[in-house]
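One-letter residues, chain by chain:
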Amino acid sequence: MDLHTTAVHAGDRKKAAAQIPVTTPVYAAASYICESMEQLDRVMGREEAGYSYGRYDNPSNAALEEQVRALENGHGALACASGMAAVQMAISTALADRRKSIVAADALYGATVGLLTKVLEPSGVNVRFADICDLDAVRAAVADARPGCIVMETVSNPLLRVGRIDSIAGIAREAGAALIVDNTFATPLLVRPLELGANFSVHSLTKFLSGHGDVLGGIVVSDQAHYDTLRTLSRIVGPVLGPFECYLAMRGIKTFPLRMERQCANARRVAAWLAAHPGVERVHFTGDPAHPDAAAIGRMFPPNLFGAMVSFELRGVGKPEVFRFMDALKLVVCATSLGDVHTIMLYPAMSSHREISPERRERMGIRDNLVRLSVGIEAPEDIIADLEQALR
Ligand SMILES: Cc1ncc(COP(=O)(O)O)c(C=O)c1O
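From a predicted model like this one, the values you see are computed outputs, not experimental measurements.

## Here's the deal with the site of the ligand
Working step 1: Close to the ligand lie 14 residues, the nearest being Gly83, Met84, Asp182, Ser204 and Thr206.
Working step 2: Glycine 83 is positioned such that a nitrogen or oxygen atom in its backbone is 2.9 Å from an oxygen atom of the ligand.
Working step 3: For the ligand, an oxygen atom lies 2.8 Å from a polar atom in the side chain of serine 204.
Working step 4: Isolated, the ligand exposes 390 Å² of accessible area, and the fraction of that covered by the protein chains is 91%.
Working step 5: Its residues assigned to classes, the shell around the ligand shows four nonpolar, seven polar and three charged.

Set out below in structure tokens:
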């Protein structure tokens, strides 16, 4: 065989060895061959399980999808190229055969607000915001908007409000709407929305699940009723996560429960310390017994696990002083993300909620003195010492 031909074909498409690799390799192939054209026909027609084309599915994706599906106790999952792609896919699936109307929590991640108001609304979807922590307000919004779906976060970004997923799932069911829950902040260690009646649980894989700041990804876990539509739409739209990112995410997820337990414990220590500091006006933390949603938290969260996010307001300061405080931090990383092994601080007005108008931010309670801390796995004394020196 000519060297040019050998270079293209040698080494590839060998029958796999009888031994099974202990972890799932990175399957970079964009397409797959079958024993025969008849079998390929059945695989492409989804009459037989298997792989045909990378946009449809891939063994690296399938392994990650099974891992997160099992953690969330769902029927099936779709790994996406980002958390936002996952949110978008869940909404498209929920609305595929329902009224093009959405009731959304008025406290949501900024890009999710942007998806609703700058992408979906202009394309004809009716969007109505409601206080997701007030069940009467949710009922009224649902009666008024007759939504095809309700969109909420288990723990809202950045003020850490918690709505009752089980009750909201009941309201959605009665109205014939689907419930989509962004479970990024809570993670399946704390809450599994599908067990509480939600139809979709969505994650930014970029955050706690992957946990090392080296993967951008998202995932939708759905119930049985929506899974076929989710995959059909994905085959067309192609929002899929690349195989290498799937590998990295799977590797991160293996230690996610250990990391998360440590991060939750660290967050409790840091939140208690901040609450006692004279330079801190207010601490938002789900473990605070005086949290406005303490009843929902007590009902849904396991004992002593409250999440690793702590938002706090600095006393009597504006943006320049907040910038000075953040610039003074030496250990805490000031960056746009959360959920990593290292402690990260973010300024919501400039970052996660930048694209939201100042008036809307004010209505959401996101003031210029608010910072958001994602507590990492470091020794808590070191995190506190860094905050202390920067607050001086
Ligand atoms: C709650 C929440 N959902 C979704 C996203 C979007 O995730 P990604 O950045 O992976 O698209 C984020 C990002 O910060 C988030 O905080």
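Read on, since the account is not over.
## A word on the packing of helix α3 (residues 59–72) against helix α10 (residues 243–253)
Working step 1: Where α3 contacts α10, the axes come no closer than 8 Å and their chain directions differ by 35°. In this structure, α3 meets α10 at a crossing whose hand is left-handed. Counting all contacts with α3, which are made through Ser60, Asn61, Ala63, Leu64, Gln67, Val68 and Leu71, the residues of α10 involved are Pro243, Cys246, Ala249, Met250 and Ile253.
Working step 2: Here the contact of α3 with α10 is composed, by residue class, of nine nonpolar, three polar and no charged.

## Topic: the nonpolar core
Working step 1: Counting residues in each nonpolar core, the largest one holds 116 residues, and the members touching the most others are Leu64 and Phe325.
Working step 2: Inspection of this core shows a minimum of three residues originating in each of domain 1 (37–253) and domain 2 (256–391).
Working step 3: Excluding anything up to four places from it in sequence, leucine 64 contacts Ala79, Leu205, Ile219, Leu241, Cys246, Ala249, Met250 and Ile253.

## Quick word on the side chain of serine 311
Working step 1: With respect to the helices and strands, the residue serine 311 is situated in strand β9 (residues 309–314).
Working step 2: One polar contact links the side chain of serine 311 to the main-chain carbonyl oxygen of proline 158, over a distance of 2.6 Å.
Working step 3: When sequence neighbours within four positions are dropped, the list of residues in contact with serine 311 reads Pro158, Leu160, Arg282, Val283, His284, Leu370, Val371 and Arg372.

## Regarding the sheet that holds strand β12 (residues 370–374)
Working step 1: Overall, mixed pairing links the five strands, which are arranged β8-β9-β12-β11-β10 in an open sheet. Edge positions in the sheet fall to β8 (280–284) and β10 (333–334), since each of these pairs with one other strand and no more.
Working step 2: Bridge count for β10 against strand β11 (residues 344–346) is two bridges, and the pairing is parallel. By the bridge assignment, valine 333 is partnered in β11 with isoleucine 344.

## What about the domain arrangement of the chain?
Working step 1: Splitting the chain by domain gives domain 1 (37–253) and domain 2 (256–391).
Working step 2: On the side of domain 2, 43 residues touch domain 1, which itself brings 40 residues to the contact.
Working step 3: Summed over both sides, the interface between domain 1 and domain 2 buries roughly 3300 Å², with carbon and sulfur atoms accounting for 66% of that surface.
Working step 4: The largest share of the area that domain 1 buries against domain 2 comes from Leu159, Leu190 and Phe208, three residues that together contribute 22% of it.
Working step 5: Scanning the region where domain 1 abuts domain 2 turns up two salt bridges.
Working step 6: A salt bridge links arginine 299 to aspartate 166, with the nearest nitrogen and oxygen atoms 2.7 Å apart.
Working step 7: Those elements that place two or more of their residues in the side of domain 1 that touches domain 2 are α5 (110–120), α7 (165–175), α8 (187–190) and α10.
Working step 8: Among the residues forming the side of domain 1 that touches domain 2, the class breakdown is 24 nonpolar, 10 polar and six charged.

## Comments concerning the pattern of salt bridges
Should the charged atoms of two oppositely charged side chains come close, the side chains can pair.
Working step 1: Counted by the stated rule, this structure contains 13 salt bridges.
Working step 2: Note that glutamate 65 and arginine 231 form a salt bridge whose closest N and O atoms lie 3.3 Å from each other. Taken together, the residues glutamate 65 in helix α3 and arginine 231 in helix α9 (residues 224–237) connect sequence positions 166 residues apart. For the pair glutamate 65 and arginine 231, one class covers both residues: buried.
Working step 3: Salt bridges sharing common partners tie together Arg164, Asp166 and Arg299.

## As for the environment of alanine 81
Working step 1: Inspection of the secondary structure puts alanine 81 in the loop between β1 (76–80) and α4 (83–95).
Working step 2: Remark: the alpha-carbon pair of alanine 81 and leucine 241, spanning 160 residues in sequence, is separated by 4.2 Å.
Working step 3: With residues up to four places along the chain from it excluded, the contact list for alanine 81 reads Leu216, Gly217, Gly218, Pro239, Val240 and Leu241.

## Let's talk about the sheet that holds strand β3 (residues 126–130)
Working step 1: With respect to topology, seven strands assemble into an open sheet ordered β1-β7-β6-β5-β4-β2-β3, the strand pairing being mixed. Both edges of this open sheet fall to β1 and β3, since each of them pairs with a single strand only. Across the sheet, the axes of successive neighbouring strands diverge by a mean angle of 20°, strand direction being ignored.
Working step 2: Pairing analysis gives three bridges linking strand β2 (residues 101–105) to strand β4 (residues 149–153), with the strands arranged parallel. In the sheet register, valine 103 faces β4, and the bridge partner there is isoleucine 150.
Working step 3: Contacts from helix α6 (residues 135–145) reach β2, β3 and β4, with the element oriented near 165° to β3.
Working step 4: With respect to the sheet, α9 is in contact with β1, β5 (178–182), β6 (200–204) and β7 (218–222), its orientation differing from that of β1 by roughly 30°.

So, how was this worked out
- Residues numbered from 1 in each chain as written.
- Predicted model: local features only at pLDDT ≥ 70, side-chain atom pairs only at ≥ 80, totals over all residues.
- Heavy atoms only, no water.
- Near = heavy atom within 4 Å.
- Polar contact = N/O pair within 3.5 Å; in protein donor to acceptor, adjacent residues only side chain to side chain.
- Areas by Shrake-Rupley, 256 points an atom, 1.4 Å probe, with all protein chains shown as cover.
- Nonpolar A, V, L, I, M, F, W, Y, C, P; charged D, E, K, R; others polar.
- Axes fitted to C-alpha atoms, helices over the stretch in contact; angles between N-to-C directions.
- Helix = DSSP H or I, 4+ residues; strand = E, 2+ residues; numbered from the N terminus.
- Left-handed = near helix turned anticlockwise from the far one by under 90°.
- Contact = heavy atoms within 4.5 Å.
- Core = buried A, V, L, I, M, F, W, Y, C linked by side-chain atoms within 4.5 Å.
- Buried < 20%, exposed > 50% of the residue type's maximum accessible area, 1.4 Å probe, protein only.
- Domains from an automatic or database assignment.
- Pairing = 2+ DSSP bridges.
- Buried area = accessible area lost by both parts, 1.4 Å probe.
- Salt bridge = Lys/Arg side-chain N within 4 Å of Asp/Glu carboxyl O.

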